[in-house]
Structure formats: structure tokens, C-alpha cells
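# Coordinate analysis (summary)
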Amino acid sequence: MACAARAEPTQAELQAMKASYERPKVVPFPKNNPFSPAKLALGQQLFYDTRLSGNGAMSCASCHNQPHAWGDGLPTGVGSKGNRLGRRSPTILNLAWAELLFWDGRADTLEDQALGPIQNPDEMNQTLPALVADLNKTPAYKKAFAAAFPGEAIAPDTIAKAIATFERTVVSGTAPFDRWIEGDESAIDASAKRGFVVFNTTGHCAACHSSWRFTDDSFQDIGMRSSDKGRGAVIEGVAQLSFAFKTPGLRNVAERAPYMHDGSIATLDDVVAHYVDGFVRRPSLSPEIHILPLTERDRADLVAFLKTLSSPDSKASGPNLSTGDKKS
Amino acid sequence: MTFRKFVILTAVGGIAIAGAAYAEVHKPIIGQKNKVFSLQEVNMPQGATIRVENDDNIVHTLLITKPDGIRSDLGLQKPGEQLDITLEQLGDYMVRCGIHPAMKMVVHTR
């Protein structure tokens, strides 16, 4: 591989790059579903409750599991009947800031998204009437809903709002990278610092993996060997959206293997190799994807940089959320 | 934005110009540059038309959610191309790019 010398960024250029990665100070909540502690508590309880699946075998946390950085560590998800799903379970980290949900963006909001997997026969296979009836029979839930939504019924709308509220509070913690952005030069090593520059320049990664979340929420065909049309099946007639999937954020990415929408790449080294020259050429290929002139050191530096995005968040597998009521 | 392109229909209210010709000349133009609309929130009279122009060097595709909740896809918009959106309903139109959904704006009609 070519090993051409390249100019190092000036301090001003480096500071400009770093400025776009500062973390936000507050979590945004929508006007039509403002935060409340009662709503958060209810949403967390629902998120971990297997009542949300038809056979009582699965909760949201089955696929979005905190010890796996809120994914499941599997190439593709597994449904309530043990069936393999078609796409990898995405992390729920930092979704308060996300635009459009699911790998193909078919849900506008977290509230819209929350009820999808519950009702999907291949996933949780529950019906909303059955879920509402079950929750209504549970005194602890009746109390929790009354506290979270005074005067409102236990209904799909309030279930979705509660789960979405909990999900918005799932935010990646402070990573070594953040401490470096804040001015601690010892927070990351020289290789990771070089990797940050590669990420923003010759690696062309920041064209889509931008902002403190490391995503612009765009949909791109990155040349995976997959027949899944992704966003192209949601919006037909736009060639560029065939095989396009949502650009995932990269927070805690070292804890989120395997990678890509189909979980077909096992390691970060192999992800970088894919972007260098391993992608499928086809008409829908993103204009942002092209052969990258990266040296072996660049590749290693990129991976070193990506590993600095991991925050030492709790690996707890979930709280004890027993309602004290027997599941009916 | 760039208000240089954005001509508010009501700014010259009272001037007697034939309706169709007036609307054609003064159609507000909203740009798209660096994956951002030049305005994120727009107030327009019901029935007016806005023109959305792709000033980027990449393609966009416009998705419209109308006040009645019905969605429509205006298709691919190449760099330099313009698309007109007529605002027939009263309420809020959500307009966003189907490829770059962070590029979005709300158009309120009154």
C-alpha cells in the first residue's frame, strides 16, 4: 500500500475538528412527551418486562442488553421463538438525538418505534390488546401508569411514551475521547490521536460518522454483500437507497461486535479493511465510499482511536423490577 | 439561510399583481446546503407554494408529511434541481430528506 507522506493538521485545524465532537449538556425530550421521573421508572419497568412478548420469553432488553452496550452481541437478533432475525440488533445508546429509527428508518420517533418489535410476529409476537389487558390486571402497573400519566388509560400510546422516555435516558458515558476533547492530553495515546486525524481526513469516516454521536443519521449503501434492500424497500424508486442502511453511531463501538447491519464483520480491523477496498461496487454505492489510501499504520491508528470511544458504563444486566404481582 | 433567496409572500401585500404571476415571481426558495435546509421553520399562507432547491453537491430526496398525516415522497433531487411544494392544507408540514433525515424543516400554514 502506498505510504505517501501527508501534512499534519495545524493546531487550529485540529481544534476545529475537535470542536464538532463536544458532548451536549442535556438530553432532549419532545414537547409531546416531556420527561418525568414516574414515566422513566415505568418505561424502565416495561423495557425489562417479558409481558411484552406473546410467550413471555422476551423483553426489549433481550436484544438491547446493557452488558452488550445495549445490543445483544449476536450477528443478527433472535425472536421470542428462538428464530433468527434478518438484521443485527442495534444499540439503543444515544437515541434521544436520533433521526428516524430502525436500520431502514421506517419509524419517525422512538414512540413510533417502541411498539414495532412488540407486535412483530418474528420478534416479540405480542398483541397490543393482550398487553394492555395484562398490564391492567397488574396492580403495580395500574399504580405506575397513574403516576406517569395521570388521568390517562393504560394504552398503546402511553406504553410507547414510557418506553421512549426510558430509552432517551440511555446515554453513553464519558469516554477517554471525551476527556481528550475537554483538554486532557493524557486521556488517549499518540496512536489514537493520529487515528482521530485519519478519521476526519484521509479516512473520510466523518463524512457520515459525524458529531459527538459519530453519526449523521444518514442512510448509505456501504457495499455489503447482502441482498437486503434496507431503506430501498421503504422508499422505492431512489437508486441510491437500495442496500442503504442507517449510519450507526460509534459510541462504545469496541463493545458492540460483530458489525454492520448483518453482523457479518467480526472485528474493527476488518471493518476498516472493508472501507479501504472491501466493498461491493454497484450503482447504489454511497458517493462517500471510495478506495481509501490508508497505510497499515493509519488502519491501526483508526482502530486505536475507535477504542477510545468506549465509556466505562455499568455492565449491570438490569434492575430488579419485580412488580410483586404474579404474571397472569 | 439566506434570506437573500427567501421572499416572503406577504411582504408586499397590497400591491395589485395578478395572483398567478405574483406567486410565480415571488415563490419562496429554500436552499439545501451541507445537508441543512436554509430554514428550519417557515410560516406560509395556506395554498402557497414553496420551492426547494438543492444547492449541495450530493443528491437529496424529499419526504413530506402533510398536516393530515399523509406522507408523500417527491423522489430524487439532484444537485441544482428545484422542486415545488404546494401547501394545500392548514397546519404543519414536516419536510425532510429521506437519505439525510437530520436535514428537516417544518412549514406552518395559516
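Our structure's up above, just so we're on the same page.
Residues numbered from 1 in each chain as written. Chains lettered and ligands numbered in written order. Predicted model: local features only at pLDDT ≥ 70, side-chain atom pairs only at ≥ 80, totals over all residues. Heavy atoms only, no water.

Residue and element names in this part refer to chain B. Where burial is concerned, most of strand β4 (residues 49–54) is hidden: five out of the six residues are buried. Alignment of strand β1 (residues 29–33) against β4, held across four bridges, turns out to be parallel. Across the sheet, the residue bridging to I29 is R51, located in β4. Of the strand pairs in this sheet, β4 and strand β7 (residues 82–86) are connected by five bridges, and their pairing is antiparallel. (Buried < 20%, exposed > 50% of the residue type's maximum accessible area, 1.4 Å probe, protein only. Helix = DSSP H or I, 4+ residues; strand = E, 2+ residues; numbered from the N terminus. Pairing = 2+ DSSP bridges.)

Our focus in this paragraph is the environment of E22(A). All names here are of chain A. Its place among the elements puts E22 in the loop between α1 (11–19) and α2 (37–47). Among the residues examined, E22 registers a relative accessible area of 52% and is labelled exposed. Sequence-wise, E22 and S211 are 189 residues apart; in three dimensions their C-alpha atoms are separated by 7.8 Å. Those residues within four positions of E22 in sequence are excluded, and the remaining contacts are I181 and W212. (Contact = heavy atoms within 4.5 Å.)

The subject of this paragraph is unusual backbone geometry. Residue P258(A) is bonded to the preceding A257(A) through a cis peptide linkage, with omega at -5 degrees. With respect to the helices, strands and loops of the structure, P258(A) is situated in the loop between β2 (245–246) and α10 (268–278). Non-glycine residue N34(B) carries a positive phi angle of around 50 degrees. In this fold, N34(B) is placed in the loop between β1 and β2 (36–37).

This brings us to the pattern of salt bridges. All told, the structure shown has 21 salt bridges over all chains when counted by the stated rule. In the salt-bridge network here, residues are joined through shared partners; they are R87(A), D104(A), R106(A) and D228(A). (Salt bridge = Lys/Arg side-chain N within 4 Å of Asp/Glu carboxyl O.)

With that out of the way, let us pick up the sheet that holds β7(B). Read from one edge to the other, the open sheet built from four strands follows the order β2-β1-β4-β7 (chain B), with strand pairing classed as mixed. For this open sheet the edge positions go to β2 and β7 of chain B, each flanked by a neighbour on one side alone.

All names here are of chain A. Two elements in contact, α1 and helix α9 (residues 190–200), have axes whose closest approach is 11 Å; the angle formed by their N-to-C orientations is 75 degrees. Judged on the interaxial angle alone, α9 and α1 are roughly perpendicular. On α9, the residues that touch L14, M17 and K18 of α1 are F196, V197 and N200. Of the residues contributing to the contact of α1 with α9, the split by class is four nonpolar, one polar and one charged. (Axes fitted to C-alpha atoms, helices over the stretch in contact; angles between N-to-C directions. Parallel < 35°, antiparallel > 145°, perpendicular 65-115°, else oblique. Nonpolar A, V, L, I, M, F, W, Y, C, P; charged D, E, K, R; others polar.)

For the rest of this paragraph, the subject is the interface of chain A and chain B. Each partner contributes to the interface: chain A provides 16 residues, whereas chain B provides 15 residues. Scanning the region where chain A abuts chain B turns up four salt bridges. Salt-bridge contacts for E99(A) lead to K104(B); the nearest nitrogen and oxygen are separated by 2.8 Å. When grouped by side-chain class, the residues that make up the side of chain A that touches chain B number six nonpolar, three polar and seven charged.

Read these as layout, nothing more, since geometry by itself doesn't imply function.
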